[in-house]
Amino acid sequence: MGANVVPFARPWYGPEEEELVGRVIRSGWVSQGHQVEAFEQAVASSVGAAHAVATNSCTTALILALRLQGIGPGDEVICPTFTCMATANAICAVHAKPVFVDIDPRTYNLDPALVAAALGPATRAILGVDQIGLPAAWNELAELARRHGLALIEDGACALGAEYQGKKVGGLGWPTTFSFHPRKIIATGEGGMLMLNEAELAERARRLRSHGAGVSDLVRHQSGGSINTDYPEPGYNFRMTDLQGALGVIQAHRLEWFVAERRRQARIYDQALAGLEQVETPWTPPGCQPAYQSYLVRLRPECAVSRDEVVRILVAHGVACRSGIEPLHLGPYFRAIYLGLCLPEAEKAARETLFLPIFPGLEEAQQQLVIEVFSRAVRSPTAGAA
Ligand SMILES: *Cc1c(COP(=O)(O)O)cnc(C)c1O
């Protein structure tokens, strides 16, 4: 069988996206404008946030969130090590220092007890991550932040549509970021969004997003040139285009179905793999509804085949998959700074886990093939075993 009989992930688009993007092209206004505004409103109302500020990525949305909290040189920010490099990159981009903390092996998210142990005099913020679309232990993290006077920021890149204690991620009451990269829940090519509850913070985020300008391009354009902008402070160009905004407007309409479809596929994996003693399927803590951006399985000691061998077998049978997340503190850059740092649960998870394909558009026959090939792979005896 050739490569990619089953892809790992694919965005899902219909004729509606083509139509609206076409309309934006024909309108002559392709930079940040009405479509971005409509997309912001759609996401804000869907998650129950007061304000939304679209950006060109989740990384830049995180940079804005850190800037709004005044995080800068000399400050330490707690974050998990079992996450996308972008989480730490955002902290480095504001010249603060990431302090990597280990995960709860059942959820792959920050372990609040270890966060408490990592707090120090320079700690200014906790940047929690809803890894693979499962909300972190936010009650505990929020209580720690409150007790120690720290900012709380949520990297919800993978968790659009997820719920925590009956509320949607993005509407929990602190700054939260989303990603619209094609590997995430909705896809605008590249894109991100910062959800906020305070109007002044949203206003400043909009300014920082656009060179620090006090007036947006659209307002300036609509005034016929009579309004000039001033620049109260230096900013960035983190703007989303209206081409992306148009994709987002339509994708936001599909969000509920996307998440339902991911949950349906996760149930199928859960049931099909439940009988395998070699495999641990994802655990969902009470009160959480994951978005299942990814489906992460762990190989137990009962599995005689190595994780890398299982990945190799899947790929050889045309099933695209990925091995678990490489802990950030083991990467070449951070390893040299945090010499000898050992975060055993994340390191273990990195060795024992892999991602199976999950995305709207994954066909039933494709998912059955994944289940068949994977089940056979984990049950096969090792070469050379007695
Ligand atoms: C994907 C991802 C990001 C980065 O998102 P971009 O939109 O590519 O910047 C950040 N954090 C986490 C947890 C992610 O999974």
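Residues numbered from 1 in each chain as written. Predicted model: local features only at pLDDT ≥ 70, side-chain atom pairs only at ≥ 80, totals over all residues. Heavy atoms only, no water.

1. Details of the nonpolar core
Working step 1: Residues Leu66, Val77, Phe100 and Leu194 are the most contacted members of the largest nonpolar core, which totals 34 residues.
Working step 2: Those elements giving two or more residues to this core turn out to be helix H3 (58–68), strand S2 (76–80), helix H4 (85–93), strand S4 (123–129), strand S5 (151–155), strand S9 (192–196) and helix H7 (199–209).
Working step 3: Element by element, the count of residues in this core is highest for H3, at eight residues.
Working step 4: By size, the runner-up hydrophobic cluster in this structure holds 31 residues, among which are Val47, Leu160, Met193 and Ala246. (Core = buried A, V, L, I, M, F, W, Y, C linked by side-chain atoms within 4.5 Å. Buried < 20%, exposed > 50% of the residue type's maximum accessible area, 1.4 Å probe, protein only. Helix = DSSP H or I, 4+ residues; strand = E, 2+ residues; numbered from the N terminus.)

2. Notes on the pattern of salt bridges
Working step 1: Enumeration over the complete set of coordinates arrives at 22 salt bridges.
Working step 2: Across the pair Asp270 and Arg267 runs a salt bridge whose closest N-O atoms are separated by 2.8 Å. Remark: Arg267 and Asp270 occur in helix H9 (residues 242–273); sequence separation between them is three residues, near one turn of the helix.
Working step 3: In this structure Asp270 comes out as buried when scored by relative accessible area, which is 15%.
Working step 4: Across the pair Arg312 and Glu309 runs a salt bridge, and its minimum N-O distance is 3.0 Å. Placement of both Arg312 and Glu309 in helix H10 (residues 307–316) is noted, with a separation of three residues, approximately one turn of the helix.
Working step 5: Among the ionic contacts, a cluster of salt bridges with common partners joins Arg67, Arg204, Arg207 and Glu233. (Salt bridge = Lys/Arg side-chain N within 4 Å of Asp/Glu carboxyl O.)

3. Here we look at the environment of Lys97
Working step 1: Its place among the elements puts Lys97 in strand S3 (residues 97–101).
Working step 2: Ignoring sequence-local partners within four residues, the contact set of Lys97 consists of Asp75, Glu76, Val77, Ile91 and Tyr338. (Contact = heavy atoms within 4.5 Å.)

4. Here's the deal with the sheet that holds S5
Working step 1: Reading across from one edge, S1-S9-S8-S5-S4-S2-S3 is the order of the seven strands in this open sheet, with mixed pairing throughout. Each edge of the open sheet carries a strand with a single partner, namely strand S1 (51–55) and S3. Neighbouring strand axes in the sheet, compared pairwise and without regard to direction, differ in orientation by 25° on average.
Working step 2: Most of the contacts of H3 go to S9, to which it runs at about 30°, and overall it touches S1, S2, S4, S5, strand S8 (176–179) and S9.
Working step 3: The strands touched by helix H6 (residues 138–148) are S4 and S5; relative to S5, the strand with the most contacts, the crossing angle is about 150°. (Pairing = 2+ DSSP bridges. Axes fitted to C-alpha atoms, helices over the stretch in contact; angles between N-to-C directions.)

5. Considerations on H6
Working step 1: If you check which residues of H6 are buried, you get Trp138, Leu141, Leu144 and Ala145. Viewed end-on, H6 has its buried residues packed into an arc of 125°, placing them on one side of the element. H6 presents Arg146 and Arg147 as exposed residues on the side facing more than 90 degrees away from its buried surface.
Working step 2: Residues of H6 that are buried sit in contact with helix H5 (112–118), S4, S5 and strand S6 (163–164). (Arc of directions from axis to C-beta.)

6. Overview of the site of the ligand
Working step 1: Around the ligand sit 14 residues in total, of which Cys58, Thr59, Asp155, Ser179 and Lys184 are the nearest.
Working step 2: Between the ligand and the protein, one listed contact pairs an oxygen atom with a backbone N or O atom of Cys58 at 2.9 Å.
Working step 3: One nitrogen or oxygen atom from the side chain of Thr59 is found 2.5 Å from an oxygen atom belonging to the ligand.
Working step 4: Surface burial for the ligand is 89%, taken as the share of its 390 Å² of free accessible area covered by protein chains.
Working step 5: Broken down by class, the residue content of the shell around the ligand amounts to six nonpolar, six polar and two charged. (Near = heavy atom within 4 Å. Polar contact = N/O pair within 3.5 Å; in protein donor to acceptor, adjacent residues only side chain to side chain. Areas by Shrake-Rupley, 256 points an atom, 1.4 Å probe, with all protein chains shown as cover. Nonpolar A, V, L, I, M, F, W, Y, C, P; charged D, E, K, R; others polar.)

7. Brief notes about the packing of aromatic side chains
Working step 1: The final tally for this structure, using the stated rule, is 13 aromatic pairs.
Working step 2: Consider the rings of Phe100 and Phe334, whose centres lie 5.0 Å apart with planes at 75°: the pair is edge-to-face. Highlighted residues: Phe100 in strand S3 and Phe334 in helix H11 (residues 332–337), separated in sequence by 234 residues.
Working step 3: Taking relative accessible area as the criterion, Phe100 reaches 5% and is therefore assigned buried.
Working step 4: Look at Tyr333 and Phe334: their rings are 5.0 Å apart centre to centre, the planes differ by 75°, and that puts the pair in the edge-to-face class.
Working step 5: A connected cluster of aromatic rings, assembled from ring pairs, spans Phe100, Tyr333, Phe334 and Tyr338. (Phe/Tyr/Trp six-rings, centres within 6.5 Å; stacked < 30°, edge-to-face > 60°.)

8. Describing the pairing of S5
Two faces, one strand: in a regular strand the side chains alternate between the faces of the sheet.
Working step 1: Most of S5 sits out of view: five of its five residues are buried.
Working step 2: Burial of the side chains of S5 extends over both faces: Ala151, Ile153 and Asp155 are buried on one face and Leu152 and Glu154 on the other.
Working step 3: Relative to S5, S4 runs parallel, the two sharing five bridges. Note on S5: the bridge partner recorded for Gly128 is Glu154.
Working step 4: The β-α-β motif built from S4, the intervening H6 and the parallel element S5 has right-handed crossover chirality.
Working step 5: Where S5 and S8 come together, two bridges link them in parallel fashion. Paired with Glu154 across the strands is Thr176, a residue of S8. (Right-handed = clockwise from strand over helix to strand, strands pointing away.)

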